[in-house]
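Per-entry structural report
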Amino acid sequence: MSGRYGIVSVGTNSTRLLLADVSGDVPRVALARTVGTRIGEGLGEKGRLGEEPARRTLAAIEQLARAARGRYVRLFAIATSALRRAENAGEFLERAGEVLGVEMRVLSGEEEGRASYRGAAASLGRLRGERIGVVDTGGGSTEYASGTGVVPDRVSSSEIGAVRLTELVPQLSGSDGAAGPEAIARAQTIAREAIEPLRDADPVERLVLVGGTATTAAAVVRGRAGPVDGFPLTRGDLERVLDQLTGVGLEERKQIAGMRAQRADILPAGIVVLTSVLDVLGREAAIASGSDLLLGYLLERRDEELPPGGLPRPARARSKTPRGFR
């Protein structure tokens, strides 16, 4: 177990666990789990976490904490866009900390983008001075970072993501059947306005797409689920998947090969965001990667906190089972 760090992350759409040995030059993932919890459901631009989304997310955290217990030398916990926006985030964070035994830290958009870049860069092997860009489209926000090494020199965060855009244009969800061209056009307009600041980004030689939208879209293009590291995605691929998804209702989407059922309603919106980013960056293609925010955060903490000649003392969980979200 030498060097194995653990991290629990609460995103707008999913709650995730990663256990990885980060003691060497090449990180080795021991366990990765994802639970669809959608804590950002109904949150809006600045609202309150709903009781039911918070309760199911806390239940998932407890489940993941049990899976991780005794398997790490250091445990971290982070949260992203939904917890940045929620008026009652403090109450939720306190309960999450009780379950995990460690404080859950809410990342800024810039911190999120920097860690996503670090995780993606680790999957590319030795970098030889070429500029790379990393796009992380989440449920509530989209981060873009670029640089020539393992640490980016430019990071930006845009307030748009797959869950957020779906709630702004609910026809995209497929709940009422196929989505018409007017709904898609409206979603494209919203997405492009949100990511317009990326227009002045530096050109890159390689572009990496991380996050659930990218990996699920890659799985649908490939026609089966499973790891997609290094899988090429073109703008044409993404547009074809978007047409396929918006042309049918939600239940039919869930049956598409490679689709994760929990993501079927928000994937069209996520793809709209991704294709808008490609448009603004002037790119026709990129690669998908499963090495993202969680791995990058662990690598950052390893570099900052691993003392010379040894590992830090284990963070011991002091879990308390929640009785509900007050």
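Being a predicted model, the structure only gives us computed values, none of them experimental.

So, on to the pairing of strand β8 (residues 154-158). Strand direction decides the pairing type here: strand β7 (residues 142-147) and β8, joined by 5 bridges, are antiparallel. Residue pairing for β8: Ala145 is matched across the bridge by Val155. In textbook terms, the turn of a hairpin is the stretch between consecutive antiparallel strands, and for β7 and β8 this stretch comprises 6 residues.

A complete count under the given rule lists 2 aromatic pairs for this structure. Note on Tyr5 and Phe76: the rings are 5.7 Å apart at their centroids and 45 degrees apart in plane angle, and the pair reads as tilted. Of the two residues, Tyr5 is situated in strand β1 (residues 4-10) and Phe76 in strand β4 (residues 74-79); the sequence distance between them amounts to 71 residues. When the ring of Phe76 is compared with that of Tyr297, the centres are 6.0 Å apart and the planes differ by 75 degrees; the resulting orientation is edge-to-face. Of this pair, Phe76 sits in strand β4 while Tyr297 is found in helix α11 (residues 293-305), placing the two residues 221 residues apart along the sequence. Like Tyr297, Phe76 is buried. Cluster of aromatic residues (ring-pair linked, three or more members): Tyr5, Phe76 and Tyr297.

Along the chain, the position of Arg84 falls in helix α2 (residues 81-85). A relative accessible area of 26% places Arg84 in the partly exposed class. Spatially, the C-alpha atoms of Arg84 and Glu251 are 32 Å apart, while their sequence positions differ by 167 residues. Filtering out sequence-adjacent residues up to four positions away, Arg84 remains in contact with Val106, Leu107, Ser108, Gly109, Glu112, Ser141, Glu143 and Ser157. Side-chain polar atoms of Arg84 contact the side chain of Glu112, separated by 2.9 Å.

The next thing to look at is the sheet that holds strand β11 (residues 285-288). The mixed open sheet is built from 6 strands, whose spatial order is β8-β7-β6-β9-β11-β10. Across the chains shown, the open sheet's two edge strands, defined by having one partner strand only, are β8 and β10 (231-234). When the angles between neighbouring strand axes are averaged without regard to direction, this sheet yields 25 degrees. Here β10 runs beside β11; their pairing, made up of 4 bridges, is antiparallel. Along β11, the bridge assignment pairs Phe231 with Ala288.

Turning next to the nonpolar core. Generally speaking, soluble globular proteins have nonpolar side chains that are buried together. Val135, Leu165, Leu207, Leu209 and Ile271 are the most contacted members of the largest nonpolar core, which has 43 residues in total. Counting only elements with at least two residues in this core, the list comes to α6 (181-194), β9 (206-210), α7 (212-222), β10, α8 (235-246), α10 (267-281) and β11. Core analysis: the second largest hydrophobic core is formed by 30 residues, Ala79, Ala82, Ala96 and Met104 among them.

A few words now on the pattern of salt bridges. Enumeration over the complete set of coordinates arrives at 27 salt bridges. Here Asp279 ties to Arg192 by a salt bridge, and the two come within 3.2 Å at their closest N and O atoms. Taken together, the residues Asp279 in helix α10 and Arg192 in helix α6 connect sequence positions 87 residues apart. Classification of Asp279 by relative accessible area gives partly exposed; the value is 28%. A salt bridge links Asp237 to Arg240; the shortest N-O distance between them is 2.7 Å.

Note on placement: Asn13 falls in the loop between β1 and β2 (14-21). There is a polar contact of 3.1 Å between the side chain of Asn13 and the side chain of Gln262.

Our next topic: α11. Look at α11: 18 Å from first C-alpha to last across 13 residues, which is about the 18 Å you get at 1.5 Å a residue. Counting buried residues in α11 gives 10 out of 13 residues, a clear majority hidden from the surface. For α11, the set of buried residues is Leu293, Leu294, Leu295, Gly296, Tyr297, Leu298, Leu299, Glu300, Arg301 and Arg302. Turning to α11, the residues buried within the fold contact β1, β2, β4, β5 (104-106), α4 (109-122) and β6 (132-137).

Definitions and cut-offs
- Residues numbered from 1 in each chain as written.
- Predicted model: local features only at pLDDT ≥ 70, side-chain atom pairs only at ≥ 80, totals over all residues.
- Heavy atoms only, no water.
- Pairing = 2+ DSSP bridges.
- Helix = DSSP H or I, 4+ residues; strand = E, 2+ residues; numbered from the N terminus.
- Phe/Tyr/Trp six-rings, centres within 6.5 Å; stacked < 30°, edge-to-face > 60°.
- Buried < 20%, exposed > 50% of the residue type's maximum accessible area, 1.4 Å probe, protein only.
- Contact = heavy atoms within 4.5 Å.
- Polar contact = N/O pair within 3.5 Å; in protein donor to acceptor, adjacent residues only side chain to side chain.
- Axes fitted to C-alpha atoms, helices over the stretch in contact; angles between N-to-C directions.
- Core = buried A, V, L, I, M, F, W, Y, C linked by side-chain atoms within 4.5 Å.
- Salt bridge = Lys/Arg side-chain N within 4 Å of Asp/Glu carboxyl O.
- Expected span 1.5 Å × (residues − 1).

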